[in-house]
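# Residue-level structure breakdown
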Amino acid sequence: MGEIEQFGMIRHGAKQKGGEIRKPLEESGLSKEQQRKWSEAVEALKLVDPELSHETVPGIEKLARHIYDGLPKHALVIFVSTDTPRTKLTADLLSMEILEIENSGGNKKDVAVAFIWEPEEIKKQPNSLSNIPIWPPEIMKTMREIIMQDARDDEVMEAYLKSDGNFEIPNENGIMFRAINNDLSNEESSLKRRAEELMIQYEKLKNTFVNEKRPIFFYGLGHHSSLVALDIAFNGREEYISVDEIPNPLDLWHAKKQ
């Protein structure tokens, strides 16, 4: 057994908008139950700035149900996320929601959830399993150059760059679209190099769980370019034709069957 039935990447939930002041949780518009899920996850992860908007919780609930309904009777769902508050919080909320569905009664499935954990010395290695959803830092550099060209004196954009993109800005997908295509047109494309590394990590992942008794459904929680690297590595992507093709919050992209 131990076969990876599904290998995919999920973009983190919707970020807080730039310049927006986060409302108290009680004024978020979330139900009491959704507030509980949010506060428990933020507390467990010890997050000072969760980076996500409160409104992302219903989207995570919907995605969890979509994932759960697509699972067979027996399954192991494995998550790994990049080391940012927005990805860690998305992964935690998503995994806990799947478990709540599993334990809610009336379900006839046997679904287990797990996270990849590695010692720090292993985790720091570029091709460790912990780094499967990592993104090429060169992409942020290209975005920085585009933003400096288009909005040189914009304080919000300047804050966005200093924070490494931890809040939402207008036309973020449009800027990412240009940055990705710019990179893909380069002979030294960082995304294509990342895609090659991802294939190596995928093989390592398969070998790691070869003795698992249940089929495996793997999801890496990452960013725009995490999903793009998967798209290049497994789906043959060479360019993006429109902004609509760029991953949105909570988009789930699968690797095509090899």
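See the structure printed just above.
The paragraphs below set out a description of the structure included in this document. Remember, predicted model here, so these are calculated numbers, not experimental data.

As enumerated under the stated definition, the model contains six aromatic pairs in all. Arranged with centres 5.2 Å apart and planes meeting at 10°, the rings of Phe7 and Phe218 form a pair that is stacked. A residue pair is termed long-range when its members are at least 10 positions apart, and Phe7 in strand E1 (residues 4–11) and Phe218 in strand E4 (residues 216–222) qualify at 211 residues. A residue is classified by how much of its surface remains accessible, and Phe218, at 0% relative accessible area, is buried. Ring centres of Tyr202 and Phe234 lie 5.1 Å apart, and the angle between their planes is 80°; this geometry places the pair in the edge-to-face category. In this pair, Tyr202 is assigned in helix H8 (residues 190–208) and Phe234 in helix H9 (residues 224–235), connecting sequence segments 32 residues apart.

Our focus in this paragraph is the packing of helix H7 (residues 172–184) against H9. Packed helices, taken two at a time, are described by the angle between their axes plus the distance between the axes. Running from N to C, H7 and H9 cross one another at 40°; their axes reach a closest spacing of 11 Å. The pairing of H7 with H9 is recorded here as oblique in orientation. The handedness of the crossing between H7 and H9 comes out as right-handed. Between H7 and H9, the residues in contact are Glu172, Asn173, Met176, Ile180 and Leu184 and His224, Val228 and Ile232, respectively. Of the residues that constitute the contact of H7 with H9, the class distribution is five nonpolar, two polar and one charged.

Glancing now at the sheet that holds E1. Taken in spatial order, the five strands line up as E3-E2-E4-E1-E5 in an open sheet, and their pairing is mixed. The strands lining the two open edges of the sheet, one partner per strand, are strand E3 (110–115) and strand E5 (252–254). Here the average twist between neighbouring strands, direction ignored, is 25°. Bridge count between strand E2 (residues 74–81) and E4: six bridges; the pairing is parallel. Looking across to E4, one finds that Val80 is bridged to Gly220. Against the sheet, H8 makes contact with E1 and E4, and its axis sits at roughly 135° relative to E1, the strand it touches most.

Considering soluble globular proteins, one finds that nonpolar side chains tend to be buried as a cluster. Judged by nonpolar contacts, the single largest core of 44 residues is most densely connected at Phe7, Ile132 and Leu198. The greatest single-element share of this core, amounting to seven residues, is contributed by H9. If sequence neighbours within four positions are ignored, Phe7 has contacts with Ile132, Leu198, Tyr202, Leu205, Phe218, Leu230, Phe234, Trp253, His254 and Ala255. Leu52, Val57, Leu93 and Leu94 belong to the second largest nonpolar core, which has 30 residues in total.

On to the packing of helix H1 (residues 32–45) against helix H2 (residues 56–69). Where H1 contacts H2, the two axes come as close as 10 Å, and the packing angle between them is 90°. Between H1 and H2, the angle is such that the two are roughly perpendicular. Taken together, the residues of H2 that come into contact with H1 (itself represented by Gln34, Lys37 and Trp38) are Val57, Pro58 and Glu61.

Quick look at the pairing of E1 now. Across the eight residues that make up E1, a large majority, six, are buried. The sheet contact formed by E1 and E5 spans three bridges and is antiparallel. Bridge pairing in E5 links Gly8 to His254.

The next thing to look at is unusual backbone geometry. Phi at Lys46 takes a positive value of approximately 55°, unusual for a residue other than glycine. The residue Lys46 is located in the loop between H1 and H2 in this model. For Lys46, a relative accessible area of 70% puts it in the exposed group. The phi dihedral of Glu51 falls on the positive side, at around 70°, and the residue is not glycine.

What counts and what doesn't
- Residues numbered from 1 in each chain as written.
- Predicted model: local features only at pLDDT ≥ 70, side-chain atom pairs only at ≥ 80, totals over all residues.
- Heavy atoms only, no water.
- Phe/Tyr/Trp six-rings, centres within 6.5 Å; stacked < 30°, edge-to-face > 60°.
- Helix = DSSP H or I, 4+ residues; strand = E, 2+ residues; numbered from the N terminus.
- Buried < 20%, exposed > 50% of the residue type's maximum accessible area, 1.4 Å probe, protein only.
- Axes fitted to C-alpha atoms, helices over the stretch in contact; angles between N-to-C directions.
- Parallel < 35°, antiparallel > 145°, perpendicular 65-115°, else oblique.
- Left-handed = near helix turned anticlockwise from the far one by under 90°.
- Contact = heavy atoms within 4.5 Å.
- Nonpolar A, V, L, I, M, F, W, Y, C, P; charged D, E, K, R; others polar.
- Pairing = 2+ DSSP bridges.
- Core = buried A, V, L, I, M, F, W, Y, C linked by side-chain atoms within 4.5 Å.

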